[in-house]
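Below are the chains, spelled out letter by letter.
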Amino acid sequence: MDLYHLQTFCRVARLQSFTRAAEDLSLSQSAVSRHIEALEQEHGTQLFTRSGRGAALTEAGQRLLEYAEQMLHLSQEAARALAELRDVESGRLAVGASTTPGNYLLGPVVAAYQDRYPGIDLHLDIRDSQSVVAMLEAGTVDMAVLPEFPVTVGITTEPFMPDELLLLAAPTHPLAARPAVRLEDLAGTRVLLREPGSHTRRAIEQMLAARKVTLAISRELGSTEAIKQAVAAGGGVAFCSRYAVILELRQGVLKALSGPDLALTRQFVVAYPKGGRRAPATMAFAALLRKLRPLLESRVAGANG
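Everything quoted here is computed from the prediction, not taken from an experiment.

Cut-offs used in this document
- Residues numbered from 1 in each chain as written.
- Predicted model: local features only at pLDDT ≥ 70, side-chain atom pairs only at ≥ 80, totals over all residues.
- Heavy atoms only, no water.
- Pairing = 2+ DSSP bridges.
- Helix = DSSP H or I, 4+ residues; strand = E, 2+ residues; numbered from the N terminus.
- Contact = heavy atoms within 4.5 Å.
- Axes fitted to C-alpha atoms, helices over the stretch in contact; angles between N-to-C directions.
- Parallel < 35°, antiparallel > 145°, perpendicular 65-115°, else oblique.
- Left-handed = near helix turned anticlockwise from the far one by under 90°.
- Right-handed = clockwise from strand over helix to strand, strands pointing away.
- Nonpolar A, V, L, I, M, F, W, Y, C, P; charged D, E, K, R; others polar.
- Expected span 1.5 Å × (residues − 1).
- Buried < 20%, exposed > 50% of the residue type's maximum accessible area, 1.4 Å probe, protein only.
- Patch = residues over 30% accessible without salt bridge, like charges linked within 9 Å, V, L, I, M, F, W, Y side chains within 5 Å.
- Areas by Shrake-Rupley, 256 points an atom, 1.4 Å probe, with all protein chains shown as cover.
- Salt bridge = Lys/Arg side-chain N within 4 Å of Asp/Glu carboxyl O.
- Phe/Tyr/Trp six-rings, centres within 6.5 Å; stacked < 30°, edge-to-face > 60°.
- Lys NZ or Arg CZ within 6 Å of the ring centre and 35° of its normal.

This part takes up the pairing of strand 6 (residues 155–169). Looking at chain direction, strand 6 and strand 11 (residues 264–273) are connected through ten bridges and run antiparallel. Note on strand 11: the bridge partner recorded for Ile-155 is Pro-273. Pairing of strand 6 with strand 9 (residues 238–241), which is carried by four bridges, proceeds in the antiparallel orientation. Directly across from Leu-167, in strand 9, lies its bridge partner Phe-239. Inspection of the sheet shows strand 6 paired to strand 10 (residues 255–257) by three bridges, in the antiparallel sense. Note that in strand 10 the partner of Leu-168 across the bridge is Ala-256.

Turning our eyes to something else, we now look at the environment of His-5. Here His-5 shows up in helix 1 (residues 3–15). Counting along the chain gives 32 residues from His-5 to Glu-37, while the straight-line C-alpha distance between them is 9.4 Å. Look past the residues within four positions of His-5 in its chain and what remains in contact with it is His-35, Ala-38 and Leu-39.

Let's shift gears to the packing of helix 6 (residues 107–116) against helix 11 (residues 280–298). Direction vectors running N to C along helix 6 and helix 11 enclose 130°, while the axes themselves pass 9 Å from each other. Compared by their axis directions, helix 6 and helix 11 come out oblique. Seen from above, helix 6 lies across helix 11 with right-handed handedness. Along the contact surface, helix 6 presents Pro-108, Val-109, Val-110, Ala-112, Tyr-113 and Arg-116, while helix 11 presents Ala-281, Ala-284, Phe-285, Leu-288, Leu-289, Lys-291, Leu-292 and Leu-296.

On to the pairing of strand 7 (residues 190–193). Sheet topology places strand 7 next to strand 8 (residues 217–220); four bridges connect them, and they run parallel. Each bridged residue has a counterpart across the sheet, and for Leu-192 the counterpart in strand 8 is Arg-219. As a crossover connection, the stretch from strand 7 through helix 8 (residues 199–210) into strand 8 is right-handed.

Two elements in contact, helix 1 and helix 3 (residues 29–43), have axes whose closest approach is 9 Å; the angle formed by their N-to-C orientations is 110°. Viewed along their axes, helix 1 and helix 3 adopt a mutual orientation that is roughly perpendicular. On helix 3, the residues touching Tyr-4, His-5, Leu-6, Thr-8, Phe-9 and Val-12 of helix 1 are Val-32, His-35, Ile-36, Ala-38 and Leu-39. Its residues placed into classes, the contact of helix 1 with helix 3 shows eight nonpolar, three polar and no charged.

A separate point is helix 3. Between its first and last C-alpha atoms helix 3 spans 22 Å; for 15 residues at 1.5 Å apiece the expected length is 21 Å, and the two agree. For helix 3, the set of buried residues is Ala-31, Val-32, Ser-33, His-35, Ile-36, Leu-39 and Glu-40. On its buried face, helix 3 sits against helix 1, helix 2 (18–25) and strand 1 (48–51). Of the residues one or two after helix 3, Gly-44 is the one with positive phi, at around 65°.

This part covers a nonpolar patch on the surface. There is a patch of nonpolar side chains on the surface, built from Met-1, Leu-3, Tyr-67 and Met-71 and spanning about 360 Å² of accessible area. Mapped onto the secondary structure, Tyr-67 falls in helix 4 (residues 59–87).

Applying the stated criterion across every chain yields a total of five aromatic pairs. Pairing Phe-18 with Phe-48 gives two aromatic rings, centres 5.7 Å apart and planes at 70°, and the pair type is edge-to-face. In this pair, Phe-18 is assigned in helix 2 and Phe-48 in strand 1, connecting sequence segments 30 residues apart. Phe-48 carries the same exposure label as Phe-18, and that label is buried. The ring of Tyr-272 has Arg-278 sitting right over it, with the charged end atom 3.7 Å from the ring centre.

Pasting the structure below:
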C-alpha cells in the first residue's frame, strides 16, 4: 500500500473535496484522482461517493481511514526515531548517580555507551542520593540512577532493577559466628553508617525505628569504601548493597550475616526532570540500561558471603 496514496486519501477524506485536497497538496486534481483510483483498484472497492457538494467516504472508505491514519503516524514515528539516532552523533549528556549505582553498577553501561556513541561528551556525577535529587530538580543533569526516592513535583521515575542491603561483618567478628542474627543484636555492637544524605542510611534508620531498635554505638563514615575497609578490619558491622561487596564476599574478606528480620530490599530507579522532550542522547543511555540489566544482575550470582 503506497503511503503517498494514503496521504492523499486522508487529505481528501478530511477536506471532503478532491479540489481542496489538490490545492492543499500542490497537486493537480487529476493527480489526486489517480491516487484514489489506484487505492480503489488495489482493494476492489469504492472509497468515495462523488457529488457536486464534494466527496463523502463510503463505509469501506471510513474503515480504511482509521488504518491509513495509523500507518501514516507510524511512518512519521519511524522517521523521527531514525533522525534521533543520527542526532546521537554529537552533544553532551550529564548523568547523575547515587553512590552505589554510580560506583558499582554503571561502569559497564558507561563503557558501552562511549563505544557506541563516541561523539557524545558523557559526564557521570556521583553523589549521595539527596544531592542527586537536587541536581535533577535544578536541571543540571539530564537523568539519574538512584535508589527509590520520594517522587517530587519536578521528577519522574521508572523502575530499573532491585537491590538488597546486606548486614556485613568481618569473618572474625563475634556476630559472624552466630547462625542467625536479629536486629536487636545490633544495639550492643558498633554499627557504621553513611552520611545523612545517603539513601542507604535512611533505609537503615527507618528499619531500626520500625523495630524500636536504638543503636548504642554508631560511627559515621563518608563513603561505602571507607565502611567496607573498617568492617573488614573488625571495626564494626554495616549494611551495604550486595553490588558494593561482590569481590569482598567472594574473597571471604567480608561475611554477610543472616537472620529472620535482616531482609532489606529496595529498587533502583531511573529518574528524569519532569516535563519536556528527552534528548536522543538521554534515551540512548536509558535504552542501554535496560539492555544491560541482565549482565549487571548476573554479577552478584554466587556472591553470598
